[in-house]
Structures are given as C-alpha cells and as structure tokens.
Amino acid sequence: MKIAVVAASYGDDWREEDLLCRRTAAALATRADVDLLLASGSESGEDADGALRIRRFAATVHSAGWRRVVERATVGPAEGEEALGCSCPVPLANRIGADLPDLLQEEIARVEGGHSPELYDALRADGYDLVLFAGYRFASTCFGVQAVGPGARVALLAMARDEPLLRFRAYRPLWERVQRVLVVSEHERELVRRRLGHRDVPVHDVGFALRVHPLAAETEPAGWSGEPGLVIARDWTRPAAVGRWLRVAERVARELPGVRVCLLGRGSEGLPPQASALVPLAASRLDLWRWVSRSLALIDPEPHRLLAREVLEAMMYGVPVIVADRGGASREHAERANGGLWFRDEAELVGCAARLLDAEVRRQLGGQGRAYADARYGDADAFVEAVWRAVA
C-alpha cells in the first residue's frame, strides 16, 4: 500500500500536533510505503526521517501574530489565552464562527497554515492508495482533500478540539469525503462524532505511545534542594495567558506556605522572575522529567488539551495531576484514571493543591494514574497495531 500523510507542521516534539503526526506516520511506515507531504516553509525539496520520505512543498507563511489578529477579529480570543477564565463566551464564539461568510472561513483556514498549490497539484497527480490528513483545521487538509482523486481512500488524524473552526462550513468537503477518522481520546471521539452528524464513519480511538525514562527519577536535577513542590510544565514559547498562570503560581504559594511552584519547559528562562515561583533549568524533556518525578503534583491549567502529554508523563512517574475542568484530554485522563483532581476556578485549584499535600492521597491517586497511563499509552506495539487497523 502506498500512503501519503499530509501535514502542515512536523518535527517539533514540544508541539502536540507535530508529535501526533510524526508517530502516527512512523507507525504506518512499519507496514507500508509512506510519504510525508509537508506544506511548510518557503522552499520545496525532499529528505527522509527514518523510513519516511518527506516531500516538502512551499506554503504561504503567516506569522503567529497575524493568525491571532485574524482569529480575534472573527471569532474572538482563543479560550486558551485566558486559561482559567469564564467559559460563558465559548458557545457564542462557536455560533459566530459557524455564521461567518465562506470566504472568511477559508481565509482563516489559510492562516492556520499549510496552504500550498504545489501540494494540491501533487495530490492530483500522484496515485496514492490512501491519503491521511494530519489535523482537520489546516489549509493543507481543507483544500487538499478536494484535490484527492476518487480512487484513493481518505482518512483523517483529526486533532480536534472544542473550538469554532470545528463547525466551519469551509471544512464540509472534508467531513463528507473522509472514510476513517483517528482520534487519541474518547473526548475527541465525541467531538468528531458530533461533527460528522448523520454520516456513519468509523472513528477509531488509537491511543498513543509515550515513554518516560526511569533514570530521570534517580538523577537529581540541577538546582534541586530536596524540597518537593508543585510543577507547571508546558512550552512557554507558545501564546498563552502567561500572566494569569504566573498569578496562579503566586496564589498557590501565598495560600499554601512552604509550597513552591516550579515553572518548567521550553522558554521558561524567558519568564519574568516571581518571588515564589522557581524557574528551573529544564532545557530538555529529560530535565523536565527529573523535576516532575520529584513533585507533589503537576498542574495543567490549559483548557481543551488534545493529548495532554505532560499529564500522562507525570502519571507514568506516579505523580498525581491537577487539571482544568474543561481540560479536554487532561480531564479525561484524570477522571478515567482516578489519578488526579480538576478545578473550575483559581480557588478550587488551590483547594486541590491543598488536598494533595496529604501523602496518602498522593500515593493512591499516583498509583492509579500510573496504572492507567502505562496500560493505555505505554505500549508502542499496541499503538502501531491500532493505527494500522484503523486505516487498513
């Protein structure tokens, strides 16, 4: 079988969309010839990543700032920009997005990334048996699916969150053509089923494959003083309500004397200094794991998570988690595993943190979380088999 995986971004392991695309494509490449058609950057060319042949196509480049301007002017600010804010505007934003003119919806798809006429020409010309689009909302998917010939099967690695774009008419050709959909959580499966409506399309929860290094729990990180604390781990270079998260760290430390809050992840060195928040050296995933494995709990305040990688990695170390009530995958993990607590506002977050100061509560939740994460996300062979069965 000759398979094309179409993507708008690839290779950044701190970005969940890239990680999902890369490992799903690699899973397919264990049993078929797979080309990754990447619409990203200003130049075309070919290279390889293991068994994958990567065909790069020049694409329209939009800055992250311009993307935020377009989206704010149409459907309003993303909820992730106010990670602990009120959810009342969300239904309104969804209705506004669904009512936007088609041309404006298509322009929003373009600024999401991956718009490449070269890519669309390649899809028309090349005889792939199966085309798997990675991420529903990218232009490479929105317009690329219309270029696929009638003889090829079409599958989708959805990467769906509860957001206005999920209801856009501009994506109707995709939802009418797709024959298989892959998701990575039951929460995402429900979102996709609602979007498909009456169409009886198989939606497969294929899970994922994650590992943490056991030696990270045995090697002290740089700057470790022996005093455990709470951690917030994320990619701080991504747009987010950083100021609000810093205020959360301040509030937790203020109301729980003696509990420090550590801010971890790429870009943390650029955060403004806070009196009660520690910004450790965590330039790599291994550095991050050293801190997480020694923490009292991991806090993930971001809503509508797709995979919630940091939550699962904390669980694999037996560390309980504190997640947003509207956390998407993170809430699902905490609830299904019985491995953590969830909150609706800052006061509840502080209450969750206070509850987890009890060592017995931490032990019980941490053990249950570890069993869930290892069983569902720790088996790479099971993930490969689930992906292959979903598309084949």
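Coordinates for the structure precede this section.
An account of the accompanying structure is given in this report. (Residues numbered from 1 in each chain as written. Predicted model: local features only at pLDDT ≥ 70, side-chain atom pairs only at ≥ 80, totals over all residues. Heavy atoms only, no water.)

So, the overall build of the protein
Rule in force here: Under the DSSP-based scheme used, a helix requires at least four consecutive residues in state H or I and a strand at least two consecutive residues in state E, with every element numbered from the N terminus. Here the globule rule is a power law, 2.2 Å times the number of residues to the power 0.38, and the radius of gyration is based on C-alpha atoms. It only takes one pair of heavy atoms within 4.5 Å for two residues to be counted as in contact.
Counting its regular elements, the protein contains 15 helices and 14 strands. What you see for the protein is a C-alpha radius of gyration of 21 Å, in line with the 21 Å of a compact globule of 392 residues. Expressed as lengths along the three principal axes of its C-alpha atoms, the size of the protein is roughly 65 × 45 × 40 Å. Taking the contacts inside the protein whose residues are at least 6 apart along the sequence as the reference set, 67% of them involve residues at least 24 apart.

Here's the deal with the nonpolar core
Nonpolar side chains tend to gather and get buried jointly when the protein is soluble and globular. Selection rule: For the purposes of this section, nonpolar cores are sets of buried Ala, Val, Leu, Ile, Met, Phe, Trp, Tyr and Cys residues that join through side-chain atoms within 4.5 Å. Exposure is judged per residue with a 1.4 Å probe applied to protein chains only, and the accessible area is read against the type maximum: over 50% gives exposed, under 20% gives buried, and values in between give partly exposed.
In this structure, V5, L28 and L264 are the most contacted members of the largest nonpolar core, which totals 67 residues. Examining the composition of this core, we find that seven residues originate from one element, helix α1 (residues 16-29), more than from any other. In this structure V5 touches C21, A25, L28, V34, D35, L36, L37 and L132, once residues within four positions along its chain are discounted. Among the nonpolar cores identified, the runner-up in size contains 45 residues, and L37, A59, L119 and Y120 belong to it.

A look at unusual backbone geometry
With the exception of glycine, most residues fall at negative phi, and the peptide bonds are largely trans. Of note, M159 is a non-glycine position whose phi angle comes to about 55 degrees, a positive value. If you trace the backbone, M159 turns up in the loop between β6 (153-157) and α7 (172-177). On the basis of relative accessibility, which here comes to 3%, the residue M159 falls in the buried class. Here H304, not a glycine, exhibits a phi torsion of approximately 55 degrees, which is positive. Mapped onto the elements of the fold, H304 is located in the loop between β12 (297-300) and α11 (309-316).

Some details on the packing of α11 against helix α14 (residues 359-377)
Two packed helices can be described by the angle between their axes and the distance between those axes. This is how it is decided: For helices, the fitted axis covers only the stretch in contact; all axes are lines through C-alpha atoms, and the angles between them, taken along N-to-C directions, range from 0 to 180 degrees. Reported orientations rely on four angle classes, namely roughly parallel under 35 degrees, roughly antiparallel over 145, roughly perpendicular from 65 to 115, and oblique for the rest. Each crossing gets its handedness from the near helix: less than a right angle anticlockwise from the far helix is left-handed, clockwise is right-handed.
It is the contact of α11 with α14, at a shortest axis distance of 7 Å, that shows an interaxial angle of 115 degrees. With respect to each other, α11 and α14 are oriented roughly perpendicular. Considering only the axes of α11 and α14, their crossing is left-handed. Between α11 and α14, the contacting residues are L312, M315 and M316 on the first element and G366, G369, R370, Y372, A373, D374 and Y377 on the second.

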